Amino acid sequence: MPLRIAKASVAAAVLAVALAGCTSSTSLVSKRTQGYEIPASALQQIRPGQSEQTVTLVLGSPQSTNTFGDRTAWYYIETKVNQTAFGMTMVQERTVLAVYFDRNKKVIERATYALQDGKAVNIETRRTPSFGEDATFIDAILSSF
């Protein structure tokens, strides 16, 4: 009789553990921010006419820069993601702060873009054919003899 109770207890424990894995517990998902965290107070401090040095003092160094003729743009990117315990990452929110400068290195405009403002771009997977032959390491060694 005690053996039967022990088997039933083990079966119940296994069933409980299996069902616990099927629950929608949020402890398996962690929320985090990738990139630069853009505080609202910093956004209010960036105004047209300010210098690059002032922007650097308020926001820090940009993550990316770009030049359009005599104008320059600095980009600060914040991405909020949910990451599961199994390593799967899902983007929940993305904010891009763009600060545009004129040729005198003064702010002319700032813009904030969200995830819905972006456009998905498909990467081309076709390869350009080339003449010749792709030789493996062993082929290269054998052809040297």
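Read on for a plain summary of the structure. (Residues numbered from 1 in each chain as written. Predicted model: local features only at pLDDT ≥ 70, side-chain atom pairs only at ≥ 80, totals over all residues. Heavy atoms only, no water.)

**Side note on the overall build of the chain**
- When helices and strands are tallied, the chain shows 4 helices and 5 strands.
- In the chain, the succession of α and β elements from N to C terminus is α-β-α-α-β-β-β-β-α.
- Of all 145 residues assigned to the chain, the portion counted as buried reaches 20%.
- Sequence separation of 24 or more characterises 45% of the internal contacts of the chain that already satisfy a separation of 6 or more.
- Entry remark: accessible area of the chain is about 11500 Å², with carbon and sulfur atoms responsible for 57%. (Helix = DSSP H or I, 4+ residues; strand = E, 2+ residues; numbered from the N terminus. Buried < 20%, exposed > 50% of the residue type's maximum accessible area, 1.4 Å probe, protein only. Contact = heavy atoms within 4.5 Å. Areas by Shrake-Rupley, 256 points an atom, 1.4 Å probe, with all protein chains shown as cover.)

**Quick look at the packing of aromatic side chains**
- Under the criterion given, the structure shown has 2 aromatic pairs.
- Ring centres of Tyr36 and Tyr76 lie 5.2 Å apart, and the angle between their planes is 50 degrees; this geometry places the pair in the tilted category. Taken as a pair, Tyr36 in the loop between β1 (29-35) and α2 (40-45) and Tyr76 in strand β3 (residues 71-84) lie far apart in primary sequence, 40 residues in all. (Phe/Tyr/Trp six-rings, centres within 6.5 Å; stacked < 30°, edge-to-face > 60°.)

**Looking at unusual backbone geometry**
- The phi dihedral of Lys105 is positive, around 65 degrees, even though this residue is not glycine.
- As for its placement among the helices and strands, Lys105 is situated in the loop between β4 (89-101) and β5 (107-114).

**Comments concerning the side chain of Thr95**
- Relative to the elements of secondary structure, Thr95 occurs in strand β4.
- You can call Thr95 buried: its relative accessible area is 16%.
- When neighbours within four sequence positions are excluded, Thr95 is seen to be in contact with Ile38, Tyr76, Ile77, Glu78, Thr112 and Tyr113.

**So, the pattern of salt bridges**
- Inspection of the entire model under this criterion finds 2 salt bridges.
- For Arg103, the salt bridge is made with Asp70, and the minimal N-O distance between the two is 2.9 Å. Remark: Asp70 occurs in the loop between β2 (64-68) and β3 and Arg103 occurs in the loop between β4 and β5; sequence separation between them is 33 residues.
- The class for Arg103 is exposed, based on a relative accessible area of 61%.
- Given the relative accessible area of 40%, Asp70 is considered partly exposed.
- Of the charged contacts in the structure, one is a salt bridge between Arg126 and Glu124, with a shortest N-O distance of 2.9 Å. Taken as a pair, Arg126 and Glu124 share a single burial class, namely exposed. (Salt bridge = Lys/Arg side-chain N within 4 Å of Asp/Glu carboxyl O.)

**Remarks on the nonpolar core**
- In terms of nonpolar packing, the biggest core is built from 13 residues, with Val55, Leu59, Tyr76, Leu97 and Val99 touching the most fellow members.
- Elements represented by at least two residues in this core include exactly α2, α3 (52-59), β3 and β4.
- Here this core takes 3 residues from β4, the largest share from any one element.
- Not counting residues up to four positions away in its chain, the partners in contact with Leu97 are Ile38, Leu43, Leu59, Trp74, Tyr75, Tyr76, Ala111 and Thr112. (Core = buried A, V, L, I, M, F, W, Y, C linked by side-chain atoms within 4.5 Å.)

**Concerning the side chain of Glu78**
- Position of Glu78 relative to the elements: it lies in strand β3.
- No salt bridge is formed by the buried Glu78. Its closest oppositely charged neighbour is Lys80, at 4.5 Å.
- At a separation of 3.4 Å, a polar atom in the side chain of Glu78 contacts the main-chain amide nitrogen of Ile38.
- Sequence-distant contacts of Glu78, defined by excluding residues within four places in its chain, comprise Thr33, Gln34, Tyr36, Glu37, Ile38, Glu93, Arg94 and Thr95. (Lys, Arg positive; Asp, Glu negative; His and termini not counted. Polar contact = N/O pair within 3.5 Å; in protein donor to acceptor, adjacent residues only side chain to side chain.)

**So, the pairing of β4**
- Relative to β4, β3 runs antiparallel, the two being bridged by 12 bridges. In the strand pairing of β4, Thr79 is matched with Arg94.
- Linking β3 to β4, which pair antiparallel, is a turn of 4 residues; within it Gly87 sits at a positive phi near 90 degrees.
- Note that β4 and β5 share 7 bridges and pair antiparallel. Within β5, the position partnered with Leu97 by the bridge is Thr112.
- Connecting the antiparallel pair β4 and β5 is a turn made up of 5 residues, with Lys105 showing a positive phi of about 65 degrees. (Pairing = 2+ DSSP bridges.)

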